[in-house]
Amino acid sequence: MRSFAMSTSHSRVRGLLGTLAALALAVGGLAVGPAQNAAAAASTTVAKRVVYGDQIIKTPGTILDNLDIRGRVIVQAADVTIRNSIIRGTSAGSMHSLVDAMAGAPRLKIIDTEIASTVAKPINGVMGSNFSLLRVNIHRVIDQVHIVGSNVTIADSRLHSNF
């Protein structure tokens, strides 16, 4: 009888730890053990639609979701959201940044996205103002974020591996 009570208690503790890890992931991007691995596996199993060339966004409220962008994103409209995507750039033309927010259009949100140059060309990650980054991974660029103006928020993001 004693071993049954211990195993029940042990499974409750494991269940509670799993719940706490999932809650931490949802609230603060913090996770431990299997919950973190499960979240990473879920994000990589969904195939992204490949889009070639620069994306010039002129329509307010545009949402770019689940894309593999082989070019730049140039934002010229308000309330644009980029989420669950990869922005890689291209070797064509002159480029200053993979995401160009220089027009200063308000409320650009980049969420759960990777921004990384896949070409050997000096380029910045995100450049401009009036944007927020949430859980964004920026690497393989000169400057991950080049702020020119105000109203910029960066939270729970990873900025690393400069050229």
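Residues numbered from 1 in each chain as written. Predicted model: local features only at pLDDT ≥ 70, side-chain atom pairs only at ≥ 80, totals over all residues. Heavy atoms only, no water.

With that settled, consider the overall build of the chain. Across its full length, the chain carries two helices and 16 strands. Each of the 163 residues in the chain was classed as buried or not, and the buried ones make up 34%. For the chain, long-range pairs separated by at least 24 residues make up 35% of all intrachain contacts whose partners lie at least 6 apart in sequence. Put simply, the chain shows about 9,300 Å² of open surface, and 58% of that area lies on carbon and sulfur atoms. (Helix = DSSP H or I, 4+ residues; strand = E, 2+ residues; numbered from the N terminus. Buried < 20%, exposed > 50% of the residue type's maximum accessible area, 1.4 Å probe, protein only. Contact = heavy atoms within 4.5 Å. Areas by Shrake-Rupley, 256 points an atom, 1.4 Å probe, with all protein chains shown as cover.)

By size, the foremost hydrophobic cluster in this structure holds 27 residues, and its most contacted members are Leu108, Ile110 and Ile115. Listed by contribution, the elements that provide at least two residues to this core are strand S4 (67–70), strand S5 (73–75), strand S8 (97–101), strand S9 (108–111) and strand S12 (131–134). In terms of residues, this core owes the most to one element, S8, which gives three residues. When sequence neighbours within four positions are dropped, the list of residues in contact with Leu108 reads Val75, Val80, Ile82, Val99, Ala101, Asn130, Phe131 and Ser132. (Core = buried A, V, L, I, M, F, W, Y, C linked by side-chain atoms within 4.5 Å.)

Summarising the element assignment, Gln55 is placed in strand S2 (residues 55–57). According to the relative accessible area criterion, Gln55 is buried, its value standing at 19%. In contact with Gln55, not counting residues within four places along its chain, are Ile69, Arg72, Val73 and Ile74.

For the rest of this paragraph, the subject is the pairing of S12. Residue alternation in S12 divides its side chains into a buried set, Phe131 and Leu133, and an unburied set, Ser132 and Leu134. Direction of pairing for S9 relative to S12: parallel, over a ladder of four bridges. Looking at S12, one finds that Ile110 is bridged to Leu133. (Pairing = 2+ DSSP bridges.)

Mapped onto the elements of the fold, Ser85 is located in the loop between strand S6 (81–83) and strand S7 (86–87). According to the relative accessible area criterion, Ser85 is buried, its value standing at 2%. In this structure, the C-alpha to C-alpha distance between Ser85 and Thr113, residues 28 residues apart in sequence, is 4.8 Å. Non-local contacts of Ser85, meaning those with residues more than four positions away in its chain, are made with Lys48, Leu64, Asp65, Asn66, Leu67, Asp112, Thr113 and Glu114.

Phi at Asn151 is positive, roughly 60 degrees, even though this residue is not glycine. Note on placement: Asn151 falls in the loop between strand S14 (145–147) and strand S15 (152–155). For Asn151, a relative accessible area of 56% translates into the label exposed.

This paragraph deals with the sheet that holds strand S3 (residues 63–65). The sheet built from five strands is open, its strands ordered S3-S6-S9-S12-S15 with parallel pairing. What marks the edges here is a single partner per strand, and that holds for S3 and S15. Each strand of the sheet is rotated relative to its neighbour by a mean of 5 degrees, with strand direction disregarded. Alignment of S3 against S6, held across three bridges, turns out to be parallel. When the sheet's bridge partners are listed, Ile63 is paired in S6 with Thr81. (Axes fitted to C-alpha atoms, helices over the stretch in contact; angles between N-to-C directions.)

Turning our attention to the pairing of S4. Working note: regular strand, side chains alternate between the two faces of the sheet. Across four bridges, the pairing between strand S1 (residues 49–52) and S4 is parallel. Pairing of Val50 across the sheet is with Asp68, part of S4. In this structure, S4 lies alongside S7, joined through two bridges in parallel fashion. Counted as the bridge partner of Asp68 is Ile86 from S7.

Turning to the sheet that holds S7, a few remarks are in order. Spatially, the six strands line up as an open sheet ordered S1-S4-S7-S10-S13-S16, and their pairing is parallel. Every interior strand has two partners, whereas the edge strands, S1 and strand S16 (158–159), have only one.

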